[in-house]
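An overview of the molecular structure
So you can see what is in the structure, the chains are spelled out below.
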Amino acid sequence: MKEDQKMDDADTLTFGVQNMSCASCVGRVEKAVNAVEGVREARVNLAAENLRVSTAPGFDAAKVEAALTQAGYPARTTTHRLKLSNMSCASCVGRVERALSAVPGVLSASVNLATEEAQVETLEDANLLTALRDAAAQAGYPATLDTPGTPGPDAAARKEAEAAQLRRMTLLAAALTLPVFVLEMGGHLIPAFHHWVLATIGMETSWFIQFILTTLVLAWPGRHFYTKGLPALLKGAPDMNSLVALGSGAAWLFSVTALFAPGLLPDGSRVVYFEAAAVIVTLILLGRYLEARAKGRTGAAITKLMGLRARSARVERDGAIVELAIDDIVSGDIIHLRPGEKIATDGVVTEGQSYVDESMITGEPVPVEKAIGTELVGGTVNGTGSLTFRATKVGGDTMLAQIIRMVEEAQGAKLPIQDLVNRITLWFVPVVIAVALVTFGVWLAFGPSLGHALVAAVAVLIIACPCAMGLATPTSIMVGTGRAAQLGVLFRQGDALQTLQSVKTVALDKTGTLTKGKPELTDLVLVGELTEDEVLPLIGAVEVRSEHPIAQAIVRRAELAGKLPSDLRDFQSHTGYGVSATVSDRKVILGADRLMLREGIDLDTTGPIAADLAKAGKTPLYAAIDGQLAAVIAVADPIKPGTPEAIARLHDLGLQVAMITGDNRGTAEAIAAQLGIDRVVAEVLPDGKVAAIDKLKEGGNRIAFVGDGINDAPALAQADVGLAIGTGTDVAIEAADVVLMSGDLRGVVNAIDVSQRSMANIRQNLFWAFGYNVLLIPVAAGAFYPLTGWLLSPALAAGAMALSSVFVLSNALRLRWIAAPLAENATPQNEPRAAAPVAAE
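Residues numbered from 1 in each chain as written. Predicted model: local features only at pLDDT ≥ 70, side-chain atom pairs only at ≥ 80, totals over all residues. Heavy atoms only, no water.

Turning our eyes to something else, we now look at the overall build of the protein chain. Each helix and strand in the protein chain was counted, giving 31 helices and 29 strands. Within the protein chain, the proportion of its 841 residues that are buried is 52%. Sequence-distant contacts, at least 24 apart, represent 69% of the contacts inside the protein chain between residues at least 6 apart. Accessible surface, the protein chain: about 36100 Å² in total, of which carbon and sulfur atoms supply 57%. (Helix = DSSP H or I, 4+ residues; strand = E, 2+ residues; numbered from the N terminus. Buried < 20%, exposed > 50% of the residue type's maximum accessible area, 1.4 Å probe, protein only. Contact = heavy atoms within 4.5 Å. Areas by Shrake-Rupley, 256 points an atom, 1.4 Å probe, with all protein chains shown as cover.)

Shown next, in the form of C-alpha cells:
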C-alpha cells in the first residue's frame with residue numbers, strides 16, 4: 001500500500017514498450033530502467049505492454065529510451081506539433097525549447113520562429129500533451145495542438161488576422177506620432193517653424209502635447225512591448241520586447257522628468273525625447289507588420305498544397321449517389337467522378353476511361369491515361385472523361401496528405417548551422433542590455449551631458465536585432481523546401497537541405513532510375529522481304545502465349561501496330577531457346593541465335609547488327625517466318641529520356657557520377673559508356689550496394705544515392721543523402737531523405753540546385769544579421785563620436801532594426817522564384833504510380 005502511494009505521489013510516466021513477450025522480459029526491462037539516473041522505480045505491465053516510471057530529480061527521458069533500446073525493448077514514442085503564441089524573436093526560441101525539454105518524458109524539442117511552431121518528440125504518454133501546454137504557458141508562450149495536414153487555412157487566417165491587427169496598430173501609432181515628430185523635429189529642420197511654435201503655443205505646451213500623444217502611443221499600440229517585455233525582464237529572461245520597452249521607456253521617463261520635475265536633472269540637461277519614444281514604437285510596429293506579412297508568404301507552398309484538396313465528392317451510399325464532404329469518405333467507398341472535377345482521394349478506377357492532370361503531384365504536364373485498374377491520386381484533376389473509382393486511402397493516408405506532412409516536417413527542421421545561431425541568440429539580449437548599461441555609465445562619466453548618455457544607451461537597446469538572427473535560417477528553410485515541393489522535390493529530412501549542397505559524388509541505381517524499369521522492344525531490324533506491319537503482328541501473336549517480361553514487351557509493341565491474329569496453333573516453348581507456332585498458316589520462330597542455328601536458319605548477314613546491339617548493352621533475338629530470317633529484335637530496359645541531360649548537368653556542377661547495380665557488368669558498362677558515367681559497380685546484392693557506398697565515402701567524400709527499389713533501401717539509408725524516385729516503392733521512399741515525385745532523374749539536379757541556393761540564401765541572411773549587429777551596435781554606443789561626431793538617433797536605430805528583419809525575410813522570399821534548372825516537361829509519364837517489382841535488380 002505504501003509502495004503504491006509512493007508511485008502515485010511521485011511524478012510518473014506511463015508509456016508503451018516494444019518486444020516484450022514473457023515474464024523474463026519484464027525483469028530485464030525493469031532492471032535496465034531502474035539503473036538509469038533519475039528513476040525512482042520502474043514497473044512493467046506485461047498485459048498492457050507498457051512501463052510506468054516514477055521519476056526523481058535528474059530524470060532524463062533520452063537516457064531511459066537509450067537504456068531500453070540497448071536492452072532490446074525500444075520505447076514507443078510520439079511527436080507533437082504545437083502552435084505557439086507570443087513568439088517575437090530568437091531569444092524566445094531558446095526559452096521555449098528549455099521549458100519544453102524540462103518536461104519529464106520529452107526526448108527533444110525544436111522550435112521554429114518563422115512558423116511559430118514547436119515539434120516535440122516524447123515518450124508515448126497520454127498525459128504529456130497537457131504538461132507540454134502547461135510548460136509553454138508558464139514560460140509565457142501559450143500553445144495549442146497542431147494536427148499535421150489540417151492547419152493550412154486556419155494558420156493562414158491567423159497570420160492574416162495578426163498582420164491586420166499590426167497594420168491597425170501601426171497606422172494608429174503613426175497618426176499619434178506624426179504631430180509629436182513635427183512639433184519636436186520640425187523646429188530643428190526649419191528654424192522659422194521653431195520660432196512660430198514658441199510664439200504661438202509655447203515650448204511648455206508643445207512638450208505637454210507631445211507627452212499626451214507619446215503616452216497614448218506607448219499605452220495603446222505599444223502596450224504589447226511592456227506587457228510582454230517587462231515581465232520577461234523581471235524573470236531574468238529578457239527578449240526583444242524587453243529591449244524596446246527599456247529603450248522607449250527610458251526616453252519617455254527622462255522626458256517626463258524634464259517636463260514635470262526639471263529640478264531633478266543637472267543644469268543644462270533639460271531636453272525631451274518624446275519623439276524618440278514614439279517613433280521607436282511606431283517604426284518597430286511597422287517592422288513587425290512587414291514581418292508578419294512576409295511570414296505569411298513563407299508558408300505559401302503549404303497553403304497551395306492544401307488548396308489542392310477537393311471539398312466534396314459524389315459517393316455511392318445505400319444504392320444512391322450522394323454528395324459527401326471529404327472527411328466523411330471512408331476507404332472502400334465508390335466515388336463517381338465527372339469531367340473536370342478534382343479527384344477527392346486516392347483510389348483505383350473501377351469503371352470508365354479518361355486522362356488526368358497529375359502535374360501538381362509529379363511536375364509532369366502531360367495528362368496521364370486512366371482506365372480500369374489504374375491508380376488515382378487525390379487532388380489531381382480529371383479531364384474530359386467520366387470515371388468511377390474505389391477509395392483506397394483517405395484522410396491523412398492519401399499521397400497529398402503525406403506530401404503536406406513531409407513538407408511541414410522539412411520546414412520545421414533545424415539545420416546543424418542553426419545550433420550555433422541559437423547558442424548565440426540565447427545570450428544576445430542580456431549582453432545588449434549590459435552593453436547599454438556600460439554605454440550609459442561611460443558617457444555619463446565622460447560625455448557632455450546626461451541626455452547624451454541616455455541617447456547612446458537607448459540607441460544600443462533599439463538597434464540590436466536578435467529577430468534577424470533567429471529568422472535567418474528557418475525562413476530560408478521554409479521557403480526553399482516549399483519551392484522544392486512545387487518543383488516535385490520533397491525534402492523528408494530537413495538537414496538534407498544542408499547536406500545535399502556539399503555532396504561530391506552522386507551514385508545512381510540503374511533499373512527504374514537511369515532506365516524506365518520496364519522492358520520495351522527497342523530495335524526491330526528487318527532483314528528479309530517482309531515489312532514491319534507484316535512481321536510485328538505475327539511475332540506478337542506468338543508471344544501472347546508467354547508470360548516472360550521480354551515476351552510481354554514484344555506484345556505491347558505489336559499491339560500498337562494493330563489487332564493481333566487469333567488463328568494460332570502448334571505453340572511450343574523451347575526452354576532456353578525461344579518459342580515457335582503457326583500463325584495464320586505461317587510458321588513463326590522467335591528466339592536466340594542457337595534456336596535459329598538448330599532450325600537451320602542462316603544468320604551470316606546479321607553479324608554487324610548483333611555487334612552494334614551488343615555495344616549498346618542489348619542482347620539480340622531473331623525472328624524467322626516460313627523458314628526465312630525476317631528480323632533481328634532487341635528488347636531492353638530503355639534509358640529514360642531525361643537521363644543523359646541530367647548526368648551532363650551533374651558533371652557541369654563538378655560532381656562525379658557513379659552507377660551501382662545488380663545487373664551484369666557488360667550491360668552496366670555499355671550503359672555507363674553511353675551516358676558518360678564515371679564509375680561502375682555492377683553485379684552487387686543490396687548489402688553490396690551498402691559496401692559500395694562506404695567505399696565511395698572514403699576520404700571524407702559526401703555521397704548522394706538515387707534509387708527506387710526495395711533493394712535500394714539500405715543504400716538510401718547508408719548514403720549521406722538518399723534520394724528516392726517517387727514512382728518507386730514505398731520502402732525506398734521511407735528510407736530516403738529526399739523524394740523526387742516524378743520518375744525523372746532531372747529532379748536530382750533540381751534538388752541539388754534548391755539545396756545550393758537555399759544554403760547560399762541562409763549564409764547571406766546570417767552574414768547580414770550578424771554583420772548588422774557587429775557594425776551598428778558600436779555606432780549606436782557612440783564609439784565613433786570622438787572621431788567623427790556620429791551619434792545615432794534612437795529613431796534611426798528603430799528604423800534600422802525594423803529593416804534588418806524585413807531584409808532577412810525579403811531575401812528568403814526570393815527563393816519562391818527559383819526556376820528549375822532542368823525542366824521535367826519533356827518526358828510524358830503516362831503510367832500510374834505503382835510499386836517496382838521486388839527483384840528489379
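On we go.
All right, on to the packing of helix α16 (residues 450–463) against helix α29 (residues 746–781) then. Where α16 contacts α29, the axes come no closer than 8 Å and their chain directions differ by 165°. Regarding the angle of α16 to α29, the classification is roughly antiparallel. Here the hand of the crossing between α16 and α29 comes out right-handed. Together, A456, A459, V460 and I463 of α16 and Y772, N773, L776, I777, A780 and A781 of α29 make up the contact between the two elements. By residue class, the composition of the contact of α16 with α29 is nine nonpolar, one polar and no charged. (Axes fitted to C-alpha atoms, helices over the stretch in contact; angles between N-to-C directions. Parallel < 35°, antiparallel > 145°, perpendicular 65-115°, else oblique. Left-handed = near helix turned anticlockwise from the far one by under 90°. Nonpolar A, V, L, I, M, F, W, Y, C, P; charged D, E, K, R; others polar.)

Another aspect to go through is the packing of aromatic side chains. Considering all chains together, one arrives at eight aromatic pairs under this definition. Ring geometry for F208 and F260: centres 6.3 Å apart, planes at 85°, overall edge-to-face. One end of the pair, F208, is in helix α8 (residues 203–219); the other, F260, is in helix α10 (residues 240–260), with 52 residues separating them in the sequence. An angle of 25° between the planes, with centres 6.3 Å apart, marks the rings of F211 and W252 as stacked. Here the residue F211 occupies a position in helix α8, and W252 occupies one in helix α10, the gap between them amounting to 41 residues. (Phe/Tyr/Trp six-rings, centres within 6.5 Å; stacked < 30°, edge-to-face > 60°.)

Strand order in this open sheet of six strands is β9-β8-β10-β16-β11-β14, and the pairing throughout is antiparallel. Every interior strand has two partners, whereas the edge strands, β9 (320–325) and β14 (375–376), have only one. Strand direction decides the pairing type here: strand β8 (residues 312–317) and strand β10 (residues 334–337), joined by two bridges, are antiparallel. From the neighbouring strand, R314 faces β10, where its bridge partner is H336. (Pairing = 2+ DSSP bridges.)

Turning next to the nonpolar core. As a rule of thumb, soluble globular proteins bury nonpolar side chains together. Ranked by internal contacts, the top residues of the largest apolar core, which has 156 residues, are F15 and L51. In contact with L51, other than residues within four places in its own chain, are L13, T14, F15, V17, V29, V33, A42, R43, V44 and L68. Counting residues in each nonpolar core, the second largest holds 27 residues, with L521, I554, L568 and L590 among its members. (Core = buried A, V, L, I, M, F, W, Y, C linked by side-chain atoms within 4.5 Å.)

Bringing the sheet that holds strand β18 (residues 505–508) into the picture now. Spatial ordering of the open sheet is given by β17-β29-β28-β27-β18-β25-β26, a layout of seven strands whose pairing is mixed. Looking at which strands have only one partner, the edges of the open sheet turn out to be β17 (489–491) and β26 (679–681). Ignoring strand direction, the axes of neighbouring strands in this sheet form an average angle of 20°. With three bridges connecting them, strand β28 (residues 721–725) and strand β29 (residues 738–740) associate as parallel partners. In the sheet register, I725 faces β29, and the bridge partner there is L740. Where helix α25 (residues 665–675) meets the sheet, it contacts β25 (656–660) and β26, and its direction lies at approximately 160° from that of β26. On top of the sheet, α29 reaches β17, β18, β27 (703–707), β28 and β29; it is set at about 50° to β17, its chief contact.

This paragraph deals with the packing of helix α17 (residues 466–486) against α29. Between α17 and α29, the least distance of the axes is 9 Å, while the angle of their chain directions is 165°. The angle between α17 and α29 falls in the class roughly antiparallel. Where α17 crosses over α29, the handedness of that crossing is right-handed. Each of A468, M469, A472, T473, T475, S476, I477, G480 and A484 in α17 lies in contact with α29, whose residues at this interface are V754, S758, N761, I762, N765, L766, A769, F770 and N773. For the contact of α17 with α29, a count of residues per class yields ten nonpolar, eight polar and no charged.

Chain-level pLDDT for the protein chain is 81 on average; 87% of the residues reach the 70-or-more range. Element-level pLDDT for the protein chain is lowest in helix α1 (residues 2–9), with a mean of 38, against a maximum mean of 94 in β10. Residue range residues 148–153 is modelled with pLDDT below 50. Its contacts to residues more than four positions away, or to other chains, number twelve contacts. (pLDDT = per-residue confidence, 0-100.)

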